[in-house]
Amino acid sequence: MSSTLLRTVPALRGALRAGAVVKPAAALASTSFVRGKATLPDLSYDYGALEPHISGKIMELHHKKHHQTYVSGLNSALEAIAEAESKGDFTKAASVAPLLNFHGGGHLNHSLFWENLAPASRDGGGEPDGALKKAITEDFGSFESFTKQMNTALAGIQGSGWAWLVKDKTSGTLGLVTRANQDPVAGSLAPLLGIDAWEHAYYLQYENRKAEYFQAIWNVINWKTVASRFEKA
Amino acid sequence: MELHHSKHHTAYVNNLNNALLSHATAMNAGDIAAQIALQPLIKFNGGGHINHALFWENLVPSDSPDAKTEAAPSLTDEIAKTWGSFDSFKKAYSAALLSIQGSGWGWLVKDQAGRLRIVTTKDQDPVVGGEVPIIGVDMWEHAYYLQYLNGKAAYVENIFHVINWKTAEKRFLGTHDDLFASLRAML
């Protein structure tokens, strides 16, 4: 669970009362809050726009049902914590941590995921350019070698999880990490590009052939978003 | 069921055999580092094989007499003693299954003292700590997604119609060694 997300909620709540405009932290630019509650962000493309690489049915369920469940779960966890806190029951508040991590991570991960995807007819697919391309070439040997390593990392996930291209904020170096379930990328690592390896992300279309999904998704990666995260991190 | 058995379970079996072969090679070569590096693959794929083998056997068509709890008189007695009633057990088991974060399994087990307990295991971690797995329910999304989509509560509700209580009774009355002896014969 990113501590930034925790801090953003009360800060924004206060700001809304004061009528001020608040800019959320860069990594959370897409994560919207209304009156201190997390809400499901809109997609900037239609559910069917990533076809044939990701089906409209998958996108609709994934966004409208799965992501919504994380949003609702996060709000419930935050409410439970606030209630426990108001009673001074800090042990109870701490016991909500696993739910906060799971649903908060799920909300954060999916918010980042939608934005690092784009229709192949628009910004999706191809290769990065500029400083990001240079950094990928330096840290992975080549773009081709990077996608290969990312696909190997994705295929190696045992159970549900995510693989991320990350930037180490202390050194500027790029790296690949995987996270179990909905554990978010946090700490000194900035998430640049996330790929969801949960079965719900591909099963209706690819069934057990997950390697085909990992191949296809490169056609809808939004490198503009990834480059912008790289520059800000 | 077809994909789950012919594709997913087969993948665990093949990957387990490959990992065991590599492990045997590493052992013959006295390469400890390589043996350690293979442990996660053996646990994941071996667990996947054991869990699915147990799962198929603790399921049965709903019109079979074995799908009725009457097929497990001793076990249902013990369930009633432990949870107060069968309904309370079903509620507790369902809640445990639905609270799994990510992929995993929920099990009714008999511990070494003979008491019944509900445990969950993540990914393909098997129940191998001396407890006897009596009933296992697969909570990986591949177990239900094509039919139930994100409605996993309905999957959990319906799986109670196809539990093989005759198998469950046999496992409950048997020992850990009985159960794993039959599994060993399959490996």
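What counts and how
Residues numbered from 1 in each chain as written. Chains lettered and ligands numbered in written order. Predicted model: local features only at pLDDT ≥ 70, side-chain atom pairs only at ≥ 80, totals over all residues. Heavy atoms only, no water. UniProt positions renumbered as here; feature names shortened; annotations may be inferred. Helix = DSSP H or I, 4+ residues; strand = E, 2+ residues; numbered from the N terminus. Buried < 20%, exposed > 50% of the residue type's maximum accessible area, 1.4 Å probe, protein only. Domains from an automatic or database assignment. Salt bridge = Lys/Arg side-chain N within 4 Å of Asp/Glu carboxyl O. Polar contact = N/O pair within 3.5 Å; in protein donor to acceptor, adjacent residues only side chain to side chain. Contact = heavy atoms within 4.5 Å. Buried area = accessible area lost by both parts, 1.4 Å probe. Nonpolar A, V, L, I, M, F, W, Y, C, P; charged D, E, K, R; others polar. Pairing = 2+ DSSP bridges. Axes fitted to C-alpha atoms, helices over the stretch in contact; angles between N-to-C directions.

**A word on the UniProt feature "binding site: Mn(2+)" (unreviewed entry) in chain A**
Residues and elements named next belong to chain A.
Item 1. As annotated in UniProt, the feature "binding site: Mn(2+)" (unreviewed entry) corresponds to His62, His110, Asp196 and His200 in the numbering used here. These annotated residues cover 139 residues of sequence, but their C-alpha atoms sit close together, with the largest distance between any two at 12.4 Å.
Item 2. With respect to the helices and strands, the residue histidine 62 is situated in helix α2 (residues 56-86).
Item 3. Judged by its relative accessible area of 1%, histidine 62 falls in the buried class.

**So, the domain arrangement of chain A**
Residues and elements named next belong to chain A.
Item 1. Splitting chain A by domain gives domain 1 (3-45 + 54-115) and domain 2 (130-232).
Item 2. At the junction of domain 1 and domain 2, the tally comes to zero salt bridges.
Item 3. Inspection of the region where domain 1 meets domain 2 yields ten residue pairs in polar contact (both at pLDDT 80 or more).
Item 4. Elements represented by at least two residues in the side of domain 1 that touches domain 2 include exactly α2 and α4 (97-115).
Item 5. Here the side of domain 1 that touches domain 2 takes ten residues from α4, the largest share from any one element.

**Points about the UniProt feature "domain: Manganese/iron superoxide dismutase N-terminal" (unreviewed entry) in chain B**
Item 1. Sequence positions flagged by UniProt for "domain: Manganese/iron superoxide dismutase N-terminal" (unreviewed entry) are, in local numbering, residues 1-59 of chain B.
Item 2. Along residues 1-59 of chain B one finds 90% helix and 0% strand; the C-alpha atoms at either end are 11 Å apart.

**Describing the UniProt feature "domain: Manganese/iron superoxide dismutase C-terminal" (unreviewed entry) in chain A**
Item 1. The UniProt feature table records "domain: Manganese/iron superoxide dismutase C-terminal" (unreviewed entry) at residues 128-229 of chain A.
Item 2. Each end of residues 128-229 of chain A is marked by a C-alpha atom, and these two atoms are 13 Å apart; helix forms 41% of the span and strand 23%.

**Here's the deal with the UniProt feature "domain: Manganese/iron superoxide dismutase C-terminal" (unreviewed entry) in chain B**
Item 1. UniProt feature "domain: Manganese/iron superoxide dismutase C-terminal" (unreviewed entry): in the numbering of this structure it lies at residues 74-171 of chain B.
Item 2. When the span residues 74-171 of chain B is considered, its composition is 43% helix and 21% strand, and the gap between its end C-alpha atoms is 11 Å.

**Some remarks on the domain arrangement of chain B**
Residue and element names in this part refer to chain B.
Item 1. The domain boundaries assigned to chain B delineate domain 1 (2-57) and domain 2 (65-186).
Item 2. Domain 1 and domain 2 are separated by 23 Å when their C-alpha centres are compared.
Item 3. At the interface, 16 residues of domain 1 touch 24 residues of domain 2.
Item 4. The largest share of the area that domain 1 buries against domain 2 comes from Asn51, Leu54 and Phe55, three residues that together contribute 37% of it.
Item 5. Residues aspartate 125 and lysine 43 are paired through a salt bridge, measuring 3.9 Å at the closest nitrogen-oxygen approach.
Item 6. Elements with a minimum of two residues in the side of domain 1 that touches domain 2: α1 (2-28) and α2 (32-57).
Item 7. With twelve residues, α2 is the single largest residue contributor to the side of domain 1 that touches domain 2.
Item 8. When its residues are assigned to classes, the side of domain 1 that touches domain 2 shows seven nonpolar, seven polar and two charged.

**Digging into the sheet that holds strand β1 (residues 104-110) of chain B**
All names here are of chain B.
Item 1. The antiparallel open sheet is built from three strands, whose spatial order is β2-β1-β3. Both edges of this open sheet fall to β2 (116-122) and β3 (132-138), since each of them pairs with a single strand only. Between one strand and the next, the sheet's axes are offset by a mean angle of 25°, whatever the strand orientation.
Item 2. Inspection of the sheet shows β1 paired to β3 by six bridges, in the antiparallel sense. Paired with lysine 110 across the two strands is valine 132, which belongs to β3.
Item 3. Sheet strands in contact with helix α7 (residues 165-173) are β1, β2 and β3, and its direction is about 145° off that of β3.

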